Amino acid sequence: MRNCLECGSQKIVKNAQVFDRGDGDGKHEFEVYIDETPNSLVFKNRTYHGIRAEICGDCGFVHFFLYDPKSLWAAYQRQQNDVS
């Protein structure tokens, strides 16, 4: 078990979903993305990934994680090859 990075507590809420409330009170999950071909005008080959959180039950510190960091890294590497 991982302890809180801020206070050292072991009271950690794992895999909490992170949402934003949009128009009409709609919920939208937080995401990050990489455009593999950022210089393209239309088709940028965008790779999206959701974010999860771990929250300390004592101090409230929030630590964000990606669901699939390896595939986001692979998309970033493809982007760097396209930009060069």
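Note that the structure is predicted; figures quoted are calculated from it, not measured.

Draft legend 1. Inspection of unusual backbone geometry at higher detail. You will see that Asn15, though not glycine, has its phi angle at about 55 degrees, which is positive. One can find Asn15 in strand β1 (residues 12-17). Its identity as a non-glycine residue notwithstanding, Asn45 has a phi of 50 degrees, on the positive side. Along the chain, the position of Asn45 falls in the loop between β4 (31-35) and β5 (46-56). We classify Asn45 as partly exposed; its relative accessible area is 45%.

Draft legend 2. Fine view of the environment of Asn3. Mapping Asn3 onto the fold places it in the segment before β1. In the structure, Asn3 is positioned 44 residues away from Thr47 in sequence and 31 Å away in space, judged by C-alpha atoms. Beyond its immediate stretch of four places on either side in the chain, Asn3 contacts Gly8, Ser9, Gln10 and Ile12.

Draft legend 3. Main features of the pattern of salt bridges. Under the counting rule described, the total for this entry stands at 6 salt bridges. For Lys14, the salt bridge identified is with Glu54, shortest N-O distance 3.5 Å. Of the two residues, Lys14 is situated in strand β1 and Glu54 in strand β5; the sequence distance between them amounts to 40 residues. Across the pair Glu54 and Arg52 runs a salt bridge, and its minimum N-O distance is 3.7 Å. Note on Glu54: relative accessible area 8%, which makes it buried. Linked through salt bridges whose partners overlap, the residues forming this network are Arg2, Lys14, Arg52 and Glu54.

Definitions and cut-offs
Each chain has its residues counted from 1, running along the sequence as written. Given that the model is predicted, a residue must reach a pLDDT of at least 70 before its local features are reported, and side-chain atom pairs must reach 80 or more before they are shown or counted; all residues, however, enter totals for whole chains, interfaces and linings. Calculated side-chain values reflect all of the structure's heavy atoms, with hydrogen atoms and water omitted. The helix and strand labels rest on DSSP assignments: H or I over at least four residues marks a helix, E over at least two residues marks a strand, and numbering proceeds from the N terminus. The buried label goes to any residue with under 20% of its type's maximum accessible area, the exposed label to any with over 50%, and the partly exposed label to all in between, with areas taken from a 1.4 Å probe on protein chains only. Contact between two residues is taken to exist if any of their heavy atoms lie within 4.5 Å; hydrogens are not considered. Throughout this description, the term salt bridge denotes a Lys or Arg side-chain nitrogen within 4 Å of a carboxyl oxygen of Asp or Glu.

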